Every structure is written in C-alpha cells, then in structure tokens.
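Here is what each chain is made of, one letter per residue.
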Amino acid sequence: MKYLIIGASSGLGKELAKKFAEENNDLVIVSRDERDLNAIKSDLEIKHKIKIDVLPLNFSSINEIEDKLLSNNNLISNLTGALFPIGMMFDNDNLNLSVENISKLTNANFISIAYTIQKIKKILIQKENACIIGFGSVSGFLGRDINVTYAGAKRGLESYFESMAFDEEFEKINIQFYTLGYLATNLSFGKDLKLPKGSVKKLSNIVFNNRIAKFKKTYYPAYWMIIHLILKIIPFSILRILKIK
Amino acid sequence: MNKYLTENKKIFSFDKSFSTNITFSQPDKYKLLEKISHTSDNLINIGSNLSYSPLGFSRKSLSINIKNFDRILHFDKREKTITVEAGLTLIEFLNFTLKHNLWIPQLPGYPTITIGGAVAANAHGKSCGKHGTIRKSIKSILLFHKTHGWLNLSEDKNKEIFDLTIGGIGLTGTIVSVTFELTEIKSSKFITKKKEVNSVEDSLKLILDESKDASYTYTWNRADNLSNFGKGIVYKNYLDQNLNNFEKLKEEKNQFKPFIFPMWNKFSINIINSLYLKLNKLTKSEKNENFLNVIFPFYGKENYFNFFGKKGFIESQLLVSEEKLNSFIEEFKNLFEKFEPTITLFSLKNMSGKQKFLRFEDNKICLTFDYVNNKKNLLFMSKIDNLYNKYNITPSIIKDSRISKEILRKSYNEELTRFKDELFKFDKKRIYQSEISNRLEI
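Numbers given for residues are sequential positions, taken from 1 along each chain in its written order. To read the labels, note that chains go from A and ligands from 1, taken in the order they are written. Only residues with pLDDT of at least 70 are given local features in this predicted model, and only at 80 or more are side-chain atom pairs given and counted; all residues enter the totals for whole chains, interfaces and linings.

Asks: Any chance you could break down the overall build of chain B for me, citing the residues and the numbers?
Replies: Within chain B, the secondary structure is distributed over 13 helices and 19 strands. Every radius of gyration here is taken over C-alpha atoms, with the globule rule written as 2.2 Å times N^0.38, N being the number of residues. Radius of gyration (C-alpha) of chain B: 21 Å, near the 22 Å computed for a compact globule of 442 residues. For chain B, the spread of C-alpha atoms along the principal axes amounts to about 60 × 50 × 40 Å. Burial is judged by counting other C-beta atoms within 10 Å of a residue's own C-beta: 20 or more means buried, 12 or fewer means exposed, and anything between counts as partly exposed, with every C-beta placed from the backbone. Looking at the 442 residues of chain B, the share that counts as buried comes to 51%. The long-range share in chain B, meaning contacts at least 24 apart out of those at least 6 apart in sequence, stands at 72%. In DSSP terms, a helix is any run of H or I states spanning at least four residues, a strand is any run of E spanning at least two, and both are numbered starting from the N terminus. Placing a C-beta atom from the backbone of each residue, one calls two residues in contact when those atoms lie within 7 Å.

Given below as structure tokens:
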C-alpha cells in the first residue's frame, strides 16, 4: 500500500513516515526540505525494503502542488491514503499580518489540503480501506491575539473534514481528524508550556491503528477534550475578560 | 535566540563532578542546524551526555544536541560500509548491522552513547588491544562548521581536519554523519573464560599472553585495601564461532539517578569485592554470555554509578607502557599505603594504536580506576598525577574531569601544542568550546 504524507520532514510527519514504513507501506513524502526528505528516504528504505518517493514542494503554493504532485501520475496513482500532518506558522501571525502571509498560512494549513483532497479523491475511492487523515490544532478552539490566521485555518480545516464525513462521495473513504495539543516536537521546544506534551511516537501508533476507522474525530493528548468542553461552556465575553493566552 | 528553539537547563557531567546551567538546542532539520549554529558566538555538540567529563557543554556555549539526526544514510553489504548520522545510538546502530553479521568492534561501554560522541572521543572498547580505537573503522565524516560550512572529511579530503575531528572532543564542529568500514562478525554470542590472579604482575602477564587469541581480555582487580591489591580475575571473551541467528538487542529504560547518600565506602567496597571474588571462584570458569553483557557490561547495572551518590565519582584512565607498569604499580601502592584512597574499580586491558593530538591511544596497557569523589581521594590522585612524567603516562581527558592544564601539557607535550595550533589554524575564532576545553585552555 502507498500513503502520501504532507509535511514529513520533521515532527509528527517524520514519525508517521517511520510508523507507516515500519508496517511495510510505500510512501510519497512531501516537504520543503529536500535534504531531510532524502535522509528519511534512505533510512526507511534501507531498514524496511519499501519504496519511498520524495517530493520537495512548497505546500502553500497551489501551482507547485498541481505541477509537481498532482500532475505526476507516478506519485499519486495507487495511493491508499493521504495524511496531512502539516502546520505552517509565523512568529508574527497577528491581526496585522500581511495579506501575502495570510494567504500562505491559509493555503498551507487549509486550502492546499482541501485542494489536494479534491484531486486525489477519485483515486482513493477505488481503494479498499482508503483513508484521509487531517490534523487540527487546539489553537482553533478560540481566536486570540496570537496565531491568528493559523488558528482560523485550522478551525476551517476541521469543519472541512466534518463536511467530508457527511458527503456521500466520501463514504468509501475513512476520514479521521485529530485535534492536536502540545506535542514533544521542535515546535514546542523551548516554550514554557504549562501542560504536558504528548509523544509523537505514541500518536503515530494511534494514527496508524485508527486508519481503517470509518470516521474518527479525536484529541491528542486526550485531556484537551476536557479543555475544549470547558471553553465551549464559558461565555465568550468572560473568556475575553480572562484573556486566555 | 528563542526563535531558533533553545531551552535552558541544569546539566551534570556523567561523573557528577561538574554541573552548570546551559542553553541547548536540538535541531531536527539540516537547515535548522545551520540556522542555530549562527545564533551563538560559541557552540558545542552534545549527544547522550555520557562522557565522564563535561565535553558536551559549557555555560558560555550553546549546546547542539544531535539526537534527532539518527538515520542510516547508506549501506552497502558487499562493500561492508555504512553511513549513519551522528545522533544514532550504538544499540540502534548494532541492531541494524548485526542483522547482516557486521559491526564495528571498537565500541565504548554503554549502548546509548551516540555515534558522534564515540567518534569525537575516539572511543575504544574492551578489545582495544586487538582492534584499536574507533578511528580504525572510520572512512569519512561529514562535518558542519559555523564558518566553514559543510565539509567532507577523509584520508583524501581535508585530511588535517579529519585527523583533528577523530578524538577532537567536538572542537572542530558538528559531526553530522560518519561512514564506517564494517567488520564481519559471525556470531553475536560470546564464550567467557576466567582465571584467578593474585597480583597486577600476574594480570599483566595473562593479558599479554591471552590477547593474541581472545577477542577481549581484561581484568577486574581489587584495590580496596593494600593486602589484597591486585587480586582478581582475568576475563577472556571469545566470539562463539557457531553461526547463530541475531537476536535484537533490547533497549531498556535504565536510569542514571544517583542516590541521595553515597553507598560506596571502604566497608561496602570490601564486602562487595570479597563476595564478587568468591562468587567467581564458585561459578564455572567458562560460560556463554550474550552480546549486551559482554560489550556493554554496565547496561542494567547502572546502580554501580548511582551508588556514588550526588557527589559522584572520578574515573582515571591511564596508558602505561608494559615495561614501566610494574614499577608504576609499586609506587602507586606506596602512595596507596600513605593516603588510603577509596577505589571502587580497578581494571587492566591491552591497547594498540598511535598517540596523536588529544587521542587516548597507544601501544600500551590501559589502567582504569574509579574513585569516590572526596578530598582524600583527590589528594591521592594529585600525587599520582605527579608520576605521569616519570613513567611516561598518558591520562584520558575524556574520563578524568579533574585533570589540570599543567598535567595535560606535561603528559601530552607537543601533541597538545600541535592539536591547538592546527585547531586554531582551522578555526581562528575557536567557536566550538566546552567546559573542558575552556578549563584546559585548548
């Protein structure tokens, strides 16, 4: 079986590539960093006797996705699943972010994913146990004065995955969506976080084992579900006063 | 600096003799390694932080942890070569190569040591009399240096830097990947034979005789009091020549966590040593042993180190020529009688190679002593330091965190000067600095 992993050069994407390779699946791994992708390819091909295609690509550019990924039949034919553990962030993602950067963030975190899904849907429908797996963020729980566009894009993505679950066309495909809290990756390294970080290795095992679940929407680490519930109960006016960071 | 993901933490050298607050970073992409390297004036590389002396950190340098670079980049079974990233641990490395009946025999004593750390320390294992140090298995190195960028190092390319980097304690830059020439290994099982000895002299004789046929010959000698000084066991590990299926080496979550109070003292050491010797006398003189037990003898026995408590220990590893060993030991015993040090471990093995730069390597006998870290022992060790010149002894700066720059200068002589000169020629700003390099003014 062959899986497409967008954002595979580090963090969760790298761990997912490792897990799916360990289970003897061929992979198409996509990221901006060709050197890292090549190192992952060598490592996993040597260890597991599988085939990995590497595609260096800027996922915030629809044109690049079209030209390099979607128009390359060798890469996308025969796919059994697509995973989108991608998260583009900017340090200055506030309400004054330039339109150009807003566009980059919404593309990489939402629009490009939706576009890719639309295009590869017809390939996946033909497969048994095909899956599309998306990853949201707890940032999307509540709009704040940081990660403004990123949070909006991730909230949009969650809604898009929910919509897929209602669509008849996607009935044959297993749709899963994980809302991610703090993970032990370089994204959280050096940050003074008040809550514990989840293990990406554990998460990648969960994602792999769930890949044939019909529809799954879950939180990781699981305690974020409770936080989300609490945030939903508290009136927005009070949250604003509390200024939750 | 936060932009490039750094964290602050308190860190200890493995022997617990030194601690400081450091800033460290663990890049997971090549681009990030390049960026991070440009965020601080001084840098140093850290792997699993298992070197006894503080080689992987300094309060003045940003420590770059390379543990995320842990991949196998190339493997050619026919050519018996492998290229791996420097953050790969020895156990991960062996779990791959042993499947193909290949390995490198120069393995330092703990399985979670990283490849980069082993190369930077020019590590050796129990078989260093036969196989020398890890230098002998290295074909090439990919190094990243803040100002020089990416450098391929080998006997043919950048030979001077290649030479400086092996055993260069991380001062030439970040070792990113290493290509090894692998050696065939027919079996991952060992047969261990042992013989009782009554003195260091006997031990030396057996080591020299037996090293010729056994893969590994080393001793365990008593040094808990003068009356039984040198009594012990000579161990010989032979590879079981019967071809057997490789069993995956099990990674365990063992912890180095020192006890609040030290458990090692003259009394406890005497009891443990007596029991250990008696047990060895009672058990068979030949037994089958698995790979982990032989190659990584302290794996699963971390409490030996934990027993030293929060103050830790000091390990002294010395290279002494065969001819001078007995007279050095006599003088050692004289000082022992006077100062009564507390020594928990004393061991001998043969070593081969050529001493160059800061490398702990020569055609000599390697002596290892572990001391409880206290004033009395430090005084005794300083008296032993004074014998280095007389007996032409080379101490290990990887193991002994207490060595002064004077002792280093006297024992490494012109090799130290050459190392410093060559390093300065390569890196005029002396970017890569550790606590040890600062203290020893390297």
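Asks: Account for the nonpolar core, with residues named and values stated.
Replies: Residues of type Ala, Val, Leu, Ile, Met, Phe, Trp, Tyr and Cys that are buried and joined through C-beta atoms within 7 Å form what is called a nonpolar core. Residues Ile 5, Ala 17 and Ile 29 of chain A together with Val 119 of chain B are the most contacted members of the largest nonpolar core, which totals 180 residues. Apart from residues lying up to four places away in sequence, Ala 17 of chain A is in contact with Ile 5, Ala 8, Leu 27, Ile 29, Ile 40 and Leu 44 of chain A.

Asks: Tell me about the interface of chain B and chain A, and name the residues and values.
Replies: Taken together, the 16 residues of chain B in the interface contact 15 residues of chain A. Those elements that provide at least two residues to the side of chain B that touches chain A are helix H1 (30-37) and strand S5 (72-76) of chain B. No other element matches the four residues that S5 of chain B contributes to the side of chain B that touches chain A. Taken together, the residues of the side of chain B that touches chain A break down into six nonpolar, four polar and six charged. Amino acid classes used here: Ala, Val, Leu, Ile, Met, Phe, Trp, Tyr, Cys and Pro are nonpolar; Asp, Glu, Lys and Arg are charged; the rest, including Gly, are polar.

Asks: Go over the sheet that holds strand S10 (residues 174-181) of chain B with me, naming the residues and quoting the values.
Replies: Residues and elements named next belong to chain B. Strand order in this open sheet of five strands is S5-S6-S10-S8-S9, and the pairing throughout is antiparallel. Every other strand in the sheet has two partners, leaving S5 and strand S9 (149-154) as the edge strands with one partner each. Between one strand axis and the next, the sheet turns through 10° on average, direction left out of account. Paired strands, as defined in this entry, are two strands with at least two bridges between them according to DSSP. As paired elements, strand S8 (residues 138-145) and S9 share six bridges and run antiparallel to each other. Among the inter-strand pairings, Ser 140 is bridged to a residue of S9, identified as Ser 154. Comment: axis = line fitted to C-alpha atoms, over the contacting stretch for helices; angle = value between 0 and 180 degrees taken between N-to-C directions.

Asks: Quick one: what's the story with the sheet that holds strand S1 (residues 7-12) of chain B, residue by residue and with numbers?
Replies: Residues and elements named next belong to chain B. Here we have four strands laid out as an open sheet, ordered S1-S2-S4-S3, and mixed in their pairing. Only two strands of the sheet have a single neighbouring strand rather than two, namely S1 and strand S3 (43-46). On average, each strand axis in the sheet is inclined to that of its neighbour by 45°, with strand direction left out of account. Two elements, S3 and strand S4 (residues 62-65), share four bridges in a ladder whose sense is parallel. When the bridges of S4 are listed, Leu 43 appears paired with Leu 62.

Asks: Please provide a residue-by-residue account of unusual backbone geometry, values included.
Replies: A negative phi angle characterises most non-glycine residues, just as the trans form characterises most peptide bonds. Tyr 220 of chain A connects to Pro 221 of chain A through a cis peptide bond whose omega is -10°. You can see Pro 221 of chain A is positioned in the loop between strand S7 (215-220) and helix H8 (223-233). With a phi close to 50°, Asn 158 of chain B is a non-glycine residue in the positive phi region. Within the secondary structure, Asn 158 of chain B is located in the loop between S9 and helix H5 (159-165). Among the residues examined, Asn 158 of chain B registers 19 C-beta atoms within 10 Å and is labelled partly exposed. Its identity is not glycine, yet Glu 340 of chain B carries a phi of approximately 45°, on the positive side. Within the fold, Glu 340 of chain B resides in the loop between helix H10 (322-339) and strand S17 (343-350).

Asks: So what's going on with the environment of Asp 362 of chain B? Which residues, and what values?
Replies: All names here are of chain B. In this structure, Asp 362 sits in the loop between S17 and strand S18 (365-372). Residue Asp 362 is classed as partly exposed on the basis of its C-beta count, with 18 C-beta atoms lying within 10 Å. Ignoring sequence-local partners within four residues, the contact set of Asp 362 consists of Leu 319, Met 351, Gly 353, Lys 354, Gln 355 and Thr 394.

Asks: Could you give an account of the environment of Ile 185 of chain B, with specific residues and numbers?
Replies: Residue and element names in this part refer to chain B. With respect to the helices, strands and loops of the structure, Ile 185 is situated in the loop between strand S11 (183-184) and strand S12 (189-197). Sequence-wise, Ile 185 and Leu 378 are 193 residues apart; in three dimensions their C-alpha atoms are separated by 42 Å. What Ile 185 contacts, discounting residues up to four positions off in sequence, is Leu 98, Asn 101, Leu 102, Trp 103 and Leu 239.

Asks: Explain the packing of helix H3 (residues 62-70) of chain A against helix H5 (residues 99-125) of chain A to me, and be specific about the residues and the numbers.
Replies: All names here are of chain A. Running from amino to carboxyl end, H3 crosses H5 at an angle of 40°, the nearest separation of the two axes being 10 Å. Classified by the interaxial angle, the pair formed by H3 and H5 is oblique. Crossing of H3 over H5 shows right-handed handedness. Between H3, through Ile 62, Ile 65 and Leu 70, and H5, the contact on the second element is made entirely by Asn 107, Ser 112, Tyr 115, Thr 116 and Lys 119. Across the contact of H3 with H5, the residue classes tally to four nonpolar, three polar and one charged. Working definition: roughly parallel below 35 degrees, roughly antiparallel above 145 degrees, roughly perpendicular at 65 to 115 degrees, and oblique for all remaining angles. A clockwise turn of the near helix away from the far one marks a right-handed crossing, whereas an anticlockwise turn of less than a right angle marks a left-handed crossing.

Asks: Mind laying out helix H1 (residues 11-22) of chain A, listing which residues take part and the relevant values?
Replies: Residue and element names in this part refer to chain A. Multiply 1.5 Å by the residue count of a helix minus one, and that product is the helix's expected span. Between its terminal C-alpha atoms H1 stretches 17 Å, which fits the 16 Å expected from twelve residues at 1.5 Å a residue. Counting buried residues in H1 gives ten out of twelve residues, a clear majority hidden from the surface. Turning to H1, its buried residues number three or more, namely Gly 11, Leu 12, Gly 13, Lys 14, Glu 15, Leu 16, Ala 17, Lys 18, Phe 20 and Ala 21. Immediately beyond the C-terminal end of H1, within one or two residues, lies Asn 24, with a positive phi of roughly 60°.

Asks: Kindly report on the pairing of strand S13 (residues 216-221) of chain B, identifying the contributing residues and their values.
Replies: Residues and elements named next belong to chain B. Counted residue by residue, S13 has six buried out of six residues, so it is predominantly covered. Both S13 and strand S14 (residues 232-239) contribute to a ladder of six bridges, which runs antiparallel. Within S14, the position partnered with Thr 219 by the bridge is Val 234.

Asks: Can you tell me about the packing of H10 of chain B against helix H11 (residues 375-385) of chain B, naming the residues and giving the values?
Replies: Residues and elements named next belong to chain B. Relative to each other, H10 and H11 sit at 155°, their axes nearing to 10 Å. Of the possible angle classes, the one that applies to H10 and H11 is roughly antiparallel. In this structure, H10 crosses over H11, and the sense of that crossing is right-handed. Where H10 approaches H11, its residues Phe 332, Leu 335 and Phe 339 are matched on the opposing element by Lys 376, Leu 379, Phe 380, Lys 383 and Ile 384. Across the contact of H10 with H11, the residue classes break down as six nonpolar, no polar and two charged.

Asks: Can you lay out the pairing of S5 of chain B for me, pointing to particular residues and giving the numbers?
Replies: Residue and element names in this part refer to chain B. As paired strands, S5 and strand S6 (residues 81-85) are joined by four bridges and run antiparallel to one another. Each bridged residue has a counterpart across the sheet, and for Asp 76 the counterpart in S6 is Thr 81. Between S5 and S6, which pair antiparallel one after the other, the connecting turn spans four residues, and Lys 80 there sits at a positive phi close to 60°.

Asks: Before we move on, can you summarise the environment of Pro 196 of chain A with the specific residues and values?
Replies: Residues and elements named next belong to chain A. By the element assignment, Pro 196 lies in the loop between strand S6 (174-180) and helix H7 (200-210). For Pro 196, a count of 11 C-beta atoms within 10 Å puts it in the exposed group. Remark: the alpha-carbon pair of Pro 196 and Gly 181, spanning 15 residues in sequence, is separated by 9.2 Å.

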